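Architecture at a glance
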Amino acid sequence: MADKFKVGVLTSGGDAPGMNAAIRAVVRTGLTNNMEVVGIQNGFEGLLNGEFRSLGLRDVGGILQRGGTVLLTSRSKRFMEPSGQRNAIRKMNEAGIDALVIIGGEGSMNGAYALSQQGVKVIGIPGSIDNDIWGTNIAIGTDTAMNTIMEAVDKLRDTASSHQRAFLIETMGRNSGYLAVMTAIVCGAEVTLIPEVPTTAEEVALAVEQAYKRGKTHAIIINAEGSGIRTTDLAAKIDEMDVGFKTRMTILGHIQRGGSPTAYDRLLASRMGVKAVEALVEGTHGVMTGLKGKGVDFIPLLDVISNKRKVNMEYYHMAKVLAR
Ligand code: F6P
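Keep in mind that this is a model prediction, so the values were computed, not measured.

Topic: the overall build of the protein
Looking only at helices and strands, the protein features 12 helices and 11 strands. A compact globule built from 324 residues would reach a C-alpha radius of gyration of about 20 Å, and the protein, at 22 Å, matches this within 12%. Across its three principal directions, the C-alpha atoms of the protein cover 80 × 35 × 35 Å. Taking all 324 residues of the protein together, 53% fall into the buried category. Here the contacts in the protein between residues at least 6 apart in sequence split such that 74% fall between residues at least 24 apart. Of the roughly 14,100 Å² of accessible surface on the protein, a fraction of 50% belongs to carbon and sulfur atoms.

So, the confidence of the model for the protein
Residues with a pLDDT of 70 or more make up 100% of the protein, whose mean pLDDT is 97. Per-element averaging of pLDDT across the protein places helix H3 (residues 77–80) at the bottom with 96 and helix H1 (residues 19–32) at the top with 99.

Comments concerning helix H7 (residues 178–187)
The buried fraction of H7 amounts to eight of the 10 residues, a majority that puts the element mostly inside the structure. Turning to H7, its buried residues are Tyr 178, Leu 179, Ala 180, Val 181, Met 182, Thr 183, Ala 184 and Cys 187. On its buried face, H7 sits against helix H6 (142–163), strand E6 (165–171), strand E7 (191–193), strand E8 (219–224) and helix H12 (313–322). Just downstream of H7, Gly 188 is the residue with a positive phi angle, here 65 degrees.

Examining a nonpolar patch on the surface
There is a patch of nonpolar side chains on the surface, built from Tyr 315, Met 318, Val 321 and Leu 322 and spanning about 370 Å² of accessible area. Note that Met 318 resides in helix H12.

Some words on the domain arrangement of the protein
Considered domain by domain, the protein is made up of domain 1 (6–141 + 261–306) and domain 2 (143–257). On a C-alpha basis, the centres of domain 1 and domain 2 stand 34 Å from each other. Opposite the 14 residues of domain 1 that make contact, domain 2 presents 13 residues. Carbon and sulfur atoms supply 51% of the area buried between domain 1 and domain 2, which totals about 1,200 Å² over both sides.

Examining the environment of Leu 100
Looking at the element boundaries, Leu 100 is found in strand E4 (residues 99–104). Placed 65 residues apart in sequence, Leu 100 and Met 35 show a C-alpha to C-alpha distance of 12 Å. If we ignore the near neighbours within four places in the chain, the residues touching Leu 100 are Gly 8, Ile 40, Leu 47, Met 92, Leu 115, Val 120, Lys 121, Val 122 and Ile 123.

With respect to the sheet that holds E4
The strand order across the open sheet formed by seven strands is E3-E2-E1-E4-E5-E10-E11, and the pairing between neighbours is mixed. Edge positions in the sheet fall to strand E3 (52–55) and strand E11 (295–300), since each has one partner strand and no second. Pairwise comparison of adjacent strand axes, ignoring direction, gives a mean angle of 30 degrees for this sheet. Note: strand E1 (residues 6–12) against E4, six bridges, orientation parallel. What sits directly across from Thr 11, in E4, is Ile 103. On top of the sheet, H1 reaches E1, strand E2 (36–40), E3, E4 and strand E5 (121–126); it is set at about 160 degrees to E4, its chief contact.

Thresholds, definitions, all that
- Residues numbered from 1 in each chain as written.
- Predicted model: local features only at pLDDT ≥ 70, side-chain atom pairs only at ≥ 80, totals over all residues.
- Heavy atoms only, no water.
- Helix = DSSP H or I, 4+ residues; strand = E, 2+ residues; numbered from the N terminus.
- Rg over C-alpha atoms; globule rule 2.2 N^0.38 Å.
- Buried < 20%, exposed > 50% of the residue type's maximum accessible area, 1.4 Å probe, protein only.
- Contact = heavy atoms within 4.5 Å.
- Areas by Shrake-Rupley, 256 points an atom, 1.4 Å probe, with all protein chains shown as cover.
- pLDDT = per-residue confidence, 0-100.
- Patch = residues over 30% accessible without salt bridge, like charges linked within 9 Å, V, L, I, M, F, W, Y side chains within 5 Å.
- Salt bridge = Lys/Arg side-chain N within 4 Å of Asp/Glu carboxyl O.
- Domains from an automatic or database assignment.
- Buried area = accessible area lost by both parts, 1.4 Å probe.
- Pairing = 2+ DSSP bridges.
- Axes fitted to C-alpha atoms, helices over the stretch in contact; angles between N-to-C directions.

Structure below.
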C-alpha cells in the first residue's frame, strides 16, 4: 500500500488567538482526506530540530476555544539563513513530510515563500494580531485583539471621565497602525497616533486641549507602538503644556495577544484551515489563504511578500471626525 500523503503543520512568530482553531481544522480536514498530519513543535526552530509528532483526531480536541498555540511558536533566526532552510528541508525529507502548512505573520510568510522556492509544497495561513499581511482583508487573531483593546479602553474611559483625565493608551501592531486606528473608531478615541502619519507631541497636546475646550470630560489618546513617539514622552508634553487634563497612561502590551478567540476568529481560522488542506488535495501550493470579499481565496506567496499592506486612511480620518 502506498504511503499516505504526509502534511506538517506549524505555527510561527507571535502567537495569535485562533491559531489553535486553524491547527484543529488542518488536522481534521487532513485526516478526513486520508492524509497523515504531523504537528511540528516550536515553529521553524522545531522544524530544524525535527520536533515532530503525529496528530490524531483527539489530539486537537478541546483547543478550539484556547488562545496561544498548542504547537508552541518561536522567532527562528537560524531558519532565516539559507543554510537553515536547507537543514529544515533535510529534516522534512528524513521524516517523509510531503507538504507544510505554515500559520503565522509577515515573517513566517517570507519563510514559507523561501521554502516554496526550494521546491517544498507550502500553504501559508495568515495569523497575526497586527493585520499587516498583504493579501487578506484580515488575519487570524486581529479581531480578538481588537476586542481585547476595546474592553480595556472602555474600562479606562470610565475612570478617565470620573477624574477628567487624559489617558494615553499604547497598542501593539509593530510598524502598522491598523490596530490603533480601528480601535480608535470603536472606542471613540480623541487622538490617534500611527506610524503611517508622523505626528508631534505638541500636535497631540493641542488636540487634547481642544477636546478639553469643547467640554469633553476625558481624552483618550491611542498611541500605536510604532508611531515613533514614546508614550511617556507624550504624557510629559501634555503635562508640560498644561492643557486642562492631567494625564495617566497604560501600555497594554502582551495582554493584546492572549485570550480566547472571538467567534469571528474561530470561524476565519476554521475556514482557512479547511481551505489550506483543500489546496493540497487539488495540487495547489506556494499560496496563502486570504479573505477576499466574503470568500477565502489562494494568494500567491510571491505577491504576499512583495507587497506592503497599508492602513486605509479613510478610517484614520473617520476616527478624527467621530471624535469631535
Ligand atoms: O507581531 C505581533 C506582535 O505582538 C507585535 O504587535 C509586537 O510588536 C511584537 O509581536 C512583540 O513581539 P515579542 O512577543 O517577541 O515581544
